[in-house]
Amino acid sequence: MHLPTEEHIKIKWSQRIKDKAEALGFISCGIAKANFLEDEAPHLESWLHNNYQGEMHYMENHFDMRLDPRLLVEGAKSVISLAYNYYQNLNRNPNSYKVAMYAQGEDYHFVVKEKVRELLDFIQDEIGEVNGRAFADSAPILEHAWARKAGIGWVGKNSLTLSKQKGSFFFLSELIVDLDLAYDSPIETDHCGKCTRCIDACPTEAILPNKTVNGSQCISYFTIELKEQIPAEMKGKFDDWIFGCDVCQEVCPWNRFSLPTQENRFTGHRKINEFSKKDWEEITEDVFREVFRKSPVKRTKYDGLKRNIDFIKSL
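Residues numbered from 1 in each chain as written. Predicted model: local features only at pLDDT ≥ 70, side-chain atom pairs only at ≥ 80, totals over all residues. Heavy atoms only, no water.

## Concerning the sheet that holds strand E7 (residues 170-177)
Each strand in a sheet pairs with its neighbour through backbone hydrogen bonds, running either in the same direction (parallel) or in the opposite one (antiparallel).
Right, so step 1: Spatially, E1-E2-E7-E4 is the arrangement adopted by the 4 strands of the open sheet, whose pairing is antiparallel. Each having just a single partner strand, strand E1 (28-33) and strand E4 (132-135) make up the two edges of the open sheet. Between one strand axis and the next, the sheet turns through 20° on average, direction left out of account.
Right, so step 2: Across 8 bridges, strand E2 (residues 78-85) lies against E7 in antiparallel orientation. The residue bridging tyrosine 84 from the neighbouring strand is phenylalanine 171, located in E7.
Right, so step 3: Along the sheet, helix H4 (residues 108-127) makes contact with E2, E4 and E7, crossing E7 at roughly 35°. (Pairing = 2+ DSSP bridges. Helix = DSSP H or I, 4+ residues; strand = E, 2+ residues; numbered from the N terminus. Axes fitted to C-alpha atoms, helices over the stretch in contact; angles between N-to-C directions. Contact = heavy atoms within 4.5 Å.)

Written out as structure tokens, the structure is:
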């Protein structure tokens, strides 16, 4: 009788982890070796040097941690990257303002992280003592770099992870563990080719060459991250987006393959897409609290949302 080799054990556990991830609702799961992201270091340094982070000063913190997962989890050996679909066929009121698709339902930070933690519990229950941490946009991790290394997709010109089969309307999350596993091959081919639809369509020209986005020029930055007044030179460029922006994803040819999410918690509150512009302009703080009780939109607060609406309305 031949005992399984160490490599066979790694393959077996990697497949069981992927099967469990699928059972939890993730549409993709890939695994990469936890090491220093040498290729990404100069790009991150240049991005910060050019102040593309704007007022997002937290992006300037933990530079080394962003590049090395072993600084987040002691003894880390594997980064498990996961994708969770949030795509919906939205029926928006054409005479209204727009909220990004990812913010239509409950806050993904909680919904997705809960599932990543379930996956960690599964690993610890099945294998034994495994040290690990679950992340869902909640730590200094270059999630798109890890998704590419894990074979989930390639980084598009809009700096988002793209998949030939699944598009880009998905949340990325990570599970970093001190467990040796079988590693997937990174996607080396850039399937965007010569397409520049996202660059051409960006209302504020935030998408730059070399898969770089000037975060400080993005509509999502202005409507979510920026706490001060929106610069006057942005007047007329928001295309009615009052929280986030999906333009670069809406025009991407690969998103024709996106399928509606099976996660009911991401289904939008009906008022978000039924409201007219007048309804938005007259929204009260009580209605804001009711509609966005568990939503990412809470992040901008009532005054922030009113600021965004007033900025567009004042044209």
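That covers the picture; the talk isn't over yet.
## Some remarks on the UniProt feature "binding site: cob(II)alamin" (unreviewed entry) in the chain
Right, so step 1: Taking the UniProt record as the reference, the feature "binding site: cob(II)alamin" (unreviewed entry) is found at Arg66, Asp137, Asn158, Leu172, Ser220, Cys245 and Asp246. With a sequence span of 181 residues, these residues are also far apart in the fold, their greatest C-alpha distance being 25.5 Å.
Right, so step 2: Counting through the fold element by element, leucine 172 comes out in strand E7.
Right, so step 3: Setting aside residues up to four positions removed in sequence, leucine 172 forms contacts with Leu82, Ala83, Glu143, His144, Ala147 and Thr161.
Right, so step 4: Residue placement: serine 220 occurs in helix H7 (residues 219-225).
Right, so step 5: Judged by relative accessible area, serine 220 falls into the partly exposed class, the value being 21%.
Right, so step 6: Serine 220 has contacts with Glu225, Gly244 and Cys245, leaving out every residue within four places of it along the chain. (UniProt positions renumbered as here; feature names shortened; annotations may be inferred. Buried < 20%, exposed > 50% of the residue type's maximum accessible area, 1.4 Å probe, protein only.)

## Digging into helix H12 (residues 301-313)
Right, so step 1: Its 13 residues place the ends of H12 18 Å apart at the C-alpha level, agreeing with the 18 Å of an ideal helix rising 1.5 Å per residue.
Right, so step 2: For H12, every residue scored as buried is listed here: Tyr302, Gly304, Leu305, Lys306, Arg307, Asn308, Ile309, Phe311 and Ile312.
Right, so step 3: Along its buried surface, H12 packs onto H7, strand E10 (241-243), helix H10 (277-281) and helix H11 (285-291). (Expected span 1.5 Å × (residues − 1).)

## Observations concerning the UniProt feature "binding site: [4Fe-4S] cluster 2" (unreviewed entry) in the chain
Right, so step 1: Those residues carrying the UniProt feature "binding site: [4Fe-4S] cluster 2" (unreviewed entry) are Cys202, Cys218, Cys245 and Cys248 in this numbering. In three dimensions, the annotated residues from a span of 47 residues occupy one location, with a maximal C-alpha spread of 10.7 Å.
Right, so step 2: Counting through the fold element by element, cysteine 218 comes out in the loop between strand E9 (212-213) and H7.
Right, so step 3: Exposure remark for cysteine 218: the relative accessible area of 24% places this residue in the partly exposed category.
Right, so step 4: Setting aside anything within four residues of it in sequence, one finds cysteine 218 in contact with Thr204 and Ala206.
Right, so step 5: By the element assignment, cysteine 248 lies in helix H8 (residues 247-250).

## What about the side chain of lysine 113?
Right, so step 1: Position of lysine 113 among the secondary structure elements: in helix H4.
Right, so step 2: An unpaired buried charge is present at lysine 113: no salt bridge exists, and glutamate 174, the closest side chain of opposite charge, is 9.6 Å distant.
Right, so step 3: Once residues within four sequence positions are removed from consideration, lysine 113 is found in contact with Tyr108, Ala134, Ala136 and Ser138. (Lys, Arg positive; Asp, Glu negative; His and termini not counted. Salt bridge = Lys/Arg side-chain N within 4 Å of Asp/Glu carboxyl O.)

## Let's talk about helix H2 (residues 41-49)
Every α-helix carries 3.6 residues per turn, so stepping three or four residues along brings you back to the same face.
Right, so step 1: What H2 keeps buried is the set Ala41, Leu44, Trp47 and Leu48. Angular distribution of buried residues about the axis of H2 spans 130°; they occupy a single face of the element.
Right, so step 2: Each element contacted by the buried residues of H2 is listed here: helix H3 (63-67) and E9.
Right, so step 3: Two residues or fewer past H2, asparagine 51 is found with a positive phi of approximately 60°. (Arc of directions from axis to C-beta.)

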